[in-house]
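Results of the structural survey
Each chain, written out:
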Amino acid sequence: MKKVLVLTGGGDCPGLNAVIRAVAKRARKEKNWEIYGSIEAFNGVLNEPQEIVRLTSSRTKGIHVKGGTILKTTNKSNPIKFPVTQKDGTVKFEDRSDELVKRLKGFDAVINIGGDGSQKISKVLFDKGIPIIGVPKTIDNDLSATDMTFGFQTAVQIASDAFDKLVTTAESHHRVMIMEVMGRDAGWIALHTAIAGGAEICLIPEIPYDINKLVKKIESRYKKGRGFVNIVIAEGAKPKEGTVTASAGEKGSEHVRLGGVAYQLSKQLKDAGCQAEIRETVLGHVQRGGTPVAFDRILASLFGVKAMELAINGEFGKMVAYKNNSITYVSFEEATRQQNVVKKSSYLVQAAKGLGITFGD
Ligand code: F6P
């Protein structure tokens, strides 16, 4: 029998379970594959005792509709920069990739479901001889090798539903409502939500904003009396002269945690003379939870089947991708070469401007 190991790494994302189920279903059809899952990304392989579970049909049955990941995940245990707490409480990073490679030797295929960081790990492992295939995931939709990642549509739907609710209360109280969504480097969730929800202002990391232009826009909405304004802002957005709002770094994490930009914007607006009443909402992890929308379940399922088919055919060192309406694959170099960020010149931004949405540029 051949063995395939599946794992999920990085932040969770609606659709992960649909990929796991699709890999398992496609593998079972072959009759000569056993399916395993590593708990909490590569930790399941590195931990002593190991946490590797057999993915039987009773474990994967019906999970495509479930949010999160049955295999658990982490964004704090990159095997190449593995955080090790020292006696004095500080954290040092160690490269455990050789140890991991040894421990993965019994597997005929490894399917690594994860974002940019996870696929960089996939590349290192592939270069060290591991038969590995990547499946892209991120609600941020910031991987350039695929036209879309699963989880993104669900996040946009959740954000749009929340936005619609804020519009009616903004209108009733003639307030300015600021809604903060995820999007560390890429403003896709904010931009799509702004168009879907009919925002007046959309602020994204790729287009630093001029606070005075935002105040002007708000004033123009109030000049005939009781106005209201709905703003959607990505967590990574920043003013032209200023930096991104970061909370403290977390132990063992390679990233600074973002969040709170809605409050910063509220203060900046007041400081710049905005007279309207302002309220802030930070959506946070609500955007990553719950049932994936149908599109994400489908995309995740197609990715899972394709990844397993690559494994069956012995085609490793690739990440599956969605391009020009078909499911294909790219090399790990291509997968991790550059981020997919919003271009100011893109039609989406131009169309948003055509709808009267202000970016503050
Ligand atoms: O990369 C996906 C993402 O949801 C980002 O938008 C966000 O900045 C980050 O993960 C949050 O990570 P955590 O779950 O560790 O707070």
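Comments concerning the packing of aromatic side chains
One pass over the structure, following the stated rule, counts 4 aromatic pairs. Between tyrosine 36 and phenylalanine 107, the ring centres sit 6.0 Å apart and the planes meet at 75 degrees, which makes this aromatic pair edge-to-face. Note that tyrosine 36 is positioned in strand 2 (residues 33-38) and phenylalanine 107 in the loop between helix 4 (97-103) and strand 6 (109-114), a separation of 71 residues in sequence. Each member of the pair, tyrosine 36 together with phenylalanine 107, is buried. Pairing phenylalanine 126 with phenylalanine 332 gives two aromatic rings, centres 6.3 Å apart and planes at 65 degrees, and the pair type is edge-to-face. Here phenylalanine 126 is found in helix 5 (residues 116-127), whereas its partner phenylalanine 332 is found in helix 11 (residues 332-337), with 206 residues between them in sequence. The class for phenylalanine 332 is buried, based on a relative accessible area of 2%. The side chain of arginine 221 reaches across the aromatic face of phenylalanine 228, ending 5.0 Å from its centre.

A few points about the pattern of salt bridges
Applying the stated rule across the entire model yields 18 salt bridges. The partner of arginine 175 in a salt bridge is glutamate 277, and the shortest N-O contact between them spans 3.2 Å. Of this pair, arginine 175 sits in the loop between helix 6 (152-173) and strand 8 (176-181) while glutamate 277 sits in the loop between helix 9 (261-271) and strand 11 (278-282); the two residues are 102 residues apart in sequence, bridging distant segments of the chain. Given the relative accessible area of 13%, arginine 175 is considered buried. Among the ionic pairs, glutamate 277 bridges to arginine 279, the shortest N-O distance being 2.9 Å.

Section: the environment of lysine 92
Here lysine 92 is to be found in strand 5 (residues 91-94). Given a relative accessible area of 51%, lysine 92 falls into the exposed group. Among all residues touching lysine 92, those that are not within four sequence positions of it are Phe82, Pro83, Val84 and Gln86.

Conventions we followed
Numbering of residues starts from 1 in every chain and runs along the sequence as written. Thresholds applied to this predicted model are a pLDDT of at least 70 for local features of residues and 80 or more for the giving and counting of side-chain atom pairs; totals over whole chains, interfaces and linings are not thresholded and use all residues. Side-chain numbers here rest on the full set of heavy atoms in the structure, without hydrogens or water. Whether two aromatic rings pair depends on their centres lying within 6.5 Å, for rings of Phe, Tyr and Trp, where Trp uses its six-membered ring; planes under 30 degrees apart make the pair stacked, over 60 edge-to-face, and the rest tilted. Going along the chain from the N terminus, every DSSP run of H or I of four or more residues is numbered as a helix, and every run of E of two or more is numbered as a strand. Any residue under 20% of the maximum accessible area for its type is buried, any over 50% is exposed, and the rest in between are partly exposed; the area is computed with a 1.4 Å probe on protein chains only. Think of it as a cone above the ring: NZ of Lys or CZ of Arg counts as a charge over the ring if it is within 6 Å of the ring centre and within 35 degrees of the ring normal. We define a salt bridge as a side-chain nitrogen of Lys or Arg found within 4 Å of a carboxyl oxygen belonging to Asp or Glu. Only heavy atoms enter the contact rule, under which two residues are in contact if any of them lie within 4.5 Å.

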